Amino acid sequence: MNWLESLECVGRVTSTNDVLRERARAGAPEGTALIAEAQSAGRGREGRSWLSPPGNLFLSVLLRPALEPEALSALPLLAGVAVAEASASFGVTARLKWPNDVMVGERKLGGVLIEAAFSGTCVDFVVVGIGLNLTAQAGKITEELRDVATSLRAETGRSVAALEAARAILSRLGVWYDRLAGEGAASVLGAWRSASVPWWGERVEVISSGTRVEGTARGIDESGALLLLKDDGVTLRVLCGDARAVRRVSG
Ligand code: BT5
């Protein structure tokens, strides 16, 4: 699928996902894509905010996938793969942290927010939202993010325009979306595994639905769920939540 043709650039919006959701409700076709100069209410998952100053990439793409709702769990991973590949084309090796983080080392370069609308049990549409930090300022927006965010500029010294970054991501997104439709999720999940943070076999904690669970990260299963081996020997399939490595304090 070639989505580059329907990429539109707008000024400051609340959230590109909101704008695209409105367009979707008004009948916009699959592949409609939008970037904004800035967002006044950029959001992450679970009510968190996404800091969105001008100069960074805020991209949303509309999908109308002929997928079962269960198959949607591959989409955040698919988008992550596309962002990692696009970042590589700009000279940055990014790693993917389950479920939706694009990392360089310990710092967050970008994130993915998937929002779906249903008609009954059918998927009506999906908005894939992607934030990617391009400018060095991204890591300095607030004290809170100073040590946790990075940008393409901070990593390479090179300026990448939002339009250029969007084009790179959209072209990879199109490739992987076609593969998902044609071959199923296996190849997407394989690519995600290859690009993931190398923490398999290590201790991680997951906060899922307000509950904290700690265990050993085993991998992701065929639906993209995180497999966590708990200390009692039971393997948990985590479908959503936040995961982070747990450092053992020695001594
Ligand atoms: C995400 O959420 O990582 C998904 C971010 C998706 C943003 C895009 S921009 C285009 C589209 N329109 C939107 O409104 N959203 C999407 P989550 O995993 O919940 O991470 C949010 C957390 O990341 C925050 O709580 C901060 O700790 C951190 N954060 C916020 N802004 C950041 C930034 N610019 N760079 C790095 N980290 C950030």
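Further up the page is the structure itself.
The structure displayed is predicted, hence computed values, not measured ones.

Undergrad: Would you explain helix H5 (residues 162–183) in this entry?
TA: For the α-helix, the turn length of 3.6 residues means that residues three or four positions removed from each other point alike. Here H5 is 22 residues long and its end C-alpha atoms lie 31 Å apart, about the 32 Å a rise of 1.5 Å per residue gives. Every buried residue of H5 is accounted for by Ala165, Ala166, Ala168, Ile169, Leu170, Leu173, Gly174, Trp176, Tyr177 and Leu180. For H5, the elements touching its buried residues are strand E1 (7–13), strand E2 (33–39), strand E3 (57–63), helix H2 (74–89), strand E7 (122–132) and helix H6 (186–195). Phi turns positive, to about 90°, at Gly184, one or two residues after H5.

Undergrad: Sorry if this is basic, but what is going on with the nonpolar core here?
TA: Formed by 62 residues in total, the largest nonpolar core has its most connected members in Leu57, Leu59, Leu132 and Ile169. Per-element tally for this core: the top contributor is H2, with 10 residues. Apart from residues lying up to four places away in sequence, Ile169 is in contact with Leu57, Leu59, Ala82, Val83, Ala86, Ile130 and Leu132. In this structure, Leu20, Ala28, Ala36 and Val127 belong to the second largest nonpolar core, which totals 11 residues.

Undergrad: Would you mind going over the packing of aromatic side chains with me for this structure?
TA: Any pair of aromatic rings gets described here by the distance separating the centres and the angle formed by the planes. Across all of its chains, the model carries two aromatic pairs by this definition. Their ring planes at 75° and their centres at 6.2 Å tell us that Trp199 and Trp200 sit as a pair that is edge-to-face. Look at Trp199 and you get buried, because its relative accessible area is 5%. Grouped by ring-pair contacts, the aromatic residues Trp192, Trp199 and Trp200 constitute a single cluster. One cation-aromatic arrangement involves Arg179 over Trp176; the distance from NZ or CZ to the ring centre is 4.4 Å.

Undergrad: Mind showing me how you'd approach the pairing of E3 here?
TA: Summarising burial for E3: seven of the seven residues are buried, a large majority. In E3, alternate side chains face the same way, and those of Leu57, Leu59, Val61 and Leu63 on one face and Phe58, Ser60 and Leu62 on the other are all buried. Note: E2 against E3, three bridges, orientation antiparallel. The residue bridging Leu34 from the neighbouring strand is Ser60, located in E3. When E3 meets E7, the two strands line up antiparallel, connected through seven bridges. Across the sheet, Leu63 pairs through a bridge with Val126, a residue of E7.

Undergrad: Help me understand the site of the ligand in this model?
TA: Around the ligand, 26 residues are found, and the nearest of them are Ser15, Arg45, Arg48, Lys108 and Asn133. Interatomic distance of 2.7 Å between a side-chain N/O atom of Ser15 and an oxygen atom of the ligand. In this structure, Arg48 approaches the ligand through a side-chain N or O atom, which is 2.7 Å from an oxygen atom. Calculation on the ligand without its partners gives an accessible area of 800 Å², and the protein chains cover 92% of this total. Among the elements of the structure, helix H1 (16–25), E3, strand E6 (107–119) and E7 are those that each provide at least two residues to the shell around the ligand. The element that contributes the greatest number of residues to the shell around the ligand is E6, accounting for four residues. Considering only residue class, the shell around the ligand consists of nine nonpolar, 12 polar and five charged.

Undergrad: Looking at this model, I keep getting lost on the packing of H5 against H6. Mind explaining?
TA: Relative placement of two packed helices is described by the angle separating their axes and the distance separating the axes. Between H5 and H6, whose axes approach to 7 Å, the crossing angle comes to 135°. Taken together, H5 and H6 sit at an angle that is classed as oblique. Only Ser187, Val188 and Ala191 of H6 make contact with H5, whose side of the interface consists of Trp176, Arg179, Leu180 and Glu183. Partitioning the contact of H5 with H6 into residue classes produces four nonpolar, one polar and two charged.

Undergrad: Explain the sheet that holds strand E12 (residues 242–245) here, please?
TA: Sheet strands pair by backbone hydrogen bonding; their relative direction is either parallel or antiparallel. Spatially, E11-E10-E9-E8-E12 is the arrangement adopted by the five strands of the open sheet, whose pairing is antiparallel. The strands lining the two open edges of the sheet, one partner per strand, are strand E11 (235–238) and E12. Neighbouring strand axes in the sheet, compared pairwise and without regard to direction, differ in orientation by 45° on average. Relative to strand E10 (residues 226–229), strand E9 (residues 211–220) runs antiparallel, the two sharing four bridges. Each bridged residue has a counterpart across the sheet, and for Ile220 the counterpart in E10 is Leu226.

The rules behind these values
Residues numbered from 1 in each chain as written. Predicted model: local features only at pLDDT ≥ 70, side-chain atom pairs only at ≥ 80, totals over all residues. Heavy atoms only, no water. Helix = DSSP H or I, 4+ residues; strand = E, 2+ residues; numbered from the N terminus. Expected span 1.5 Å × (residues − 1). Buried < 20%, exposed > 50% of the residue type's maximum accessible area, 1.4 Å probe, protein only. Contact = heavy atoms within 4.5 Å. Core = buried A, V, L, I, M, F, W, Y, C linked by side-chain atoms within 4.5 Å. Phe/Tyr/Trp six-rings, centres within 6.5 Å; stacked < 30°, edge-to-face > 60°. Lys NZ or Arg CZ within 6 Å of the ring centre and 35° of its normal. Pairing = 2+ DSSP bridges. Near = heavy atom within 4 Å. Polar contact = N/O pair within 3.5 Å; in protein donor to acceptor, adjacent residues only side chain to side chain. Areas by Shrake-Rupley, 256 points an atom, 1.4 Å probe, with all protein chains shown as cover. Nonpolar A, V, L, I, M, F, W, Y, C, P; charged D, E, K, R; others polar. Axes fitted to C-alpha atoms, helices over the stretch in contact; angles between N-to-C directions. Parallel < 35°, antiparallel > 145°, perpendicular 65-115°, else oblique.

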